[in-house]
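Structural description and commentary
Okay, here's what each chain looks like letter by letter:
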Amino acid sequence: MGEQVRALQDDEFLNPGLFAVEYGEELWSTQTGEMGLSCQSCHGDASESMRSVAAGYPQFDEELGSLVNLEARINEMLTAYMDAPALPHESDELLSLTAFVTYQSRGIPIGVDISGEAERYWQEGQEYYTQRRGQLNLACNQCHDDLAGFNLRGDRISQGHVNGFPVYRLMWNSMGSLHRMFRWCNWAVRAEPYELGSGEYLSLELYLAWRSSGLPIEAPAVRP
Ligand code: HEC
Ligand code: HEC
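This section reports on the structure supplied with the text. Keep in mind it's a predicted model, so treat the numbers as computed, not measured. (Residues numbered from 1 in each chain as written. Chains lettered and ligands numbered in written order. Predicted model: local features only at pLDDT ≥ 70, side-chain atom pairs only at ≥ 80, totals over all residues. Heavy atoms only, no water.)

Section: the coordination of the iron atom of ligand 2
We count it as follows: Metal donors were taken as nitrogen, oxygen and sulfur atoms no farther than 2.8 Å from the ion, or 3.2 Å where the ion is Na, K or Ca. Water is excluded, so coordination may look unfinished. A site with four donors is called tetrahedral when every donor-metal-donor angle falls between 85 and 135 degrees; four donors are called square planar, and six octahedral, when opposite donors sit more than 155 degrees apart and all other angles fall between 65 and 115; any other arrangement is irregular. Put simply, DSSP marks the helices as runs of H or I at least four residues long and the strands as runs of E at least two long, and each gets a number from the N terminus on. The rule is simple: take the accessible area with a 1.4 Å probe, protein chains only, and divide by the maximum for that residue type; under 20% is buried, over 50% is exposed, in between is partly exposed.
Looking at the iron atom of ligand 2, one finds its protein donor set to be His-144 (NE2) and Cys-185 (SG), positioned 2.0 to 2.3 Å from the metal centre. Classification of the site at the iron atom of ligand 2 as octahedral follows from its six donor atoms and the range of 85 to 179 degrees in their angles at the metal. Taken together, the residues His-144 in helix α8 (residues 140-146) and Cys-185 in helix α9 (residues 178-188) connect sequence positions 41 residues apart. With relative accessibility at 28%, the residue Cys-185 sits in the partly exposed group.

Notes on the site of ligand 1
Spelled out, the test is: Any residue with at least one heavy atom within 4 Å of a molecule or strand is counted as near it. N or O atoms closer than or at 3.5 Å make up a polar contact, with two conditions inside protein: a donor-capable atom paired with an acceptor-capable one, and, for residues adjacent in sequence, both atoms drawn from side chains.
Taken together, 18 residues are adjacent to ligand 1, and Cys-39, Cys-42, His-43, Tyr-57 and Met-77 come closest. Between ligand 1 and Tyr-57 there is a distance of 2.5 Å, counted from an oxygen atom to a side-chain nitrogen or oxygen. Within the side chain of Tyr-81, a nitrogen or oxygen atom sits 2.9 Å from an oxygen atom of ligand 1. Looking at the shell around ligand 1, the elements with two or more residues in it are α3 (39-43) and α5 (70-81). For the shell around ligand 1, the leading source of residues is α5, giving seven residues.

Considering the site of ligand 2
For clarity, the cut-off: For this classification, Asp, Glu, Lys and Arg are treated as charged, while Ala, Val, Leu, Ile, Met, Phe, Trp, Tyr, Cys and Pro are nonpolar and the rest, including Gly, are polar.
The environment of ligand 2 is formed by 25 residues, the closest being Cys-140, Cys-143, His-144, Ser-158 and Cys-185. Contacts to ligand 2 include His-144, whose side-chain N or O atom sits 2.7 Å from a nitrogen atom. The set of elements that each furnish at least two residues to the shell around ligand 2 consists of α8, β4 (155-156), α9 and α10 (199-211). No other element matches the six residues that α9 contributes to the shell around ligand 2. Considered class by class, the residues forming the shell around ligand 2 number 16 nonpolar, five polar and four charged.

Things to note about the coordination of the iron atom of ligand 1
Donor atoms from the polypeptide that coordinate the iron atom of ligand 1 comprise His-43 (NE2) and Met-77 (SD), at 2.0 to 2.3 Å from the metal. The coordination sphere of the iron atom of ligand 1 comprises six donor atoms, whose angles at the metal cover 87 to 179 degrees; the geometry is octahedral. Note that His-43 is positioned in helix α3 and Met-77 in helix α5, a separation of 34 residues in sequence. Classification of His-43 by relative accessible area gives partly exposed; the value is 33%.

By themselves, these are just geometric observations and shouldn't be taken as functional.
Rendered as structure tokens:
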């Protein structure tokens, strides 16, 4: 990334992603749903209760019998614990709560569990990552491993790490989730994207989180 975007990310006053964190903090303590609860009612001070939580997502949930990412966990809280409706993908509310919870893990290295039941999803994610797709017939790894550092129509291709999500993208003029990025990368090769929150993207997310193992969380990152 260029100097200017880096400086914007590092500036606690100018990083536009921090507005989402602030809104998330407000939502954290706002009562919602039939039971009159807020996140804070059960979890108290997020800087303690949510410290390092995001670094372990996505993870396999025994009870649900599926992989869950942070967005899905937050929606589970709303529907199962608070009697409130789930928040739509990419809504300001869900992005902000996710950004706020993730922010509590700033500096903590990513470390997801890919043992046991999770292994099969990791495997699926790896297959997706290395499978050619779209009219351009390119796999994720061809850009993010082989062509990292090169330019694609004015964008400098990075190694495709996930420690900055949710991110503020200047191109989008808004916050966006990792799954929104996956859709963008699918479009870039003219492939049919999957749904936000789909099983395919969850497995891909687990694989990429594993691939980013040890990188400190720096959400909300700013991207060109
Ligand atoms: C009625 C109490 C209650 C409320 C309200 C509640 N939670 Fe939870 N939350 C729990 C319990 C209990 C767990 C652990 C069990 C589980 O994961 O299902 C948990 C787990 C979590 C986790 C996963 C922690 C981990 O270590 O993996 C996150 C993230 C979370 N809650 C966020 C939230 C957010 C955000 C809200 C508000 C939208 C919220 N919770 C509201 C009780 C609650
Ligand atoms: C044609 C090349 C290309 C392909 C193929 C591609 N991407 Fe990307 N990807 C990009 C470009 C360009 C960007 C924006 C610049 C950057 O951050 O790398 C990007 C951004 C990303 C980012 C955000 C990185 C960050 O730090 O903000 C992730 C994660 C990512 N891609 C994952 C994937 C995955 C998963 C696939 C396979 C489904 C994929 N990409 C396929 C070109 C590609």
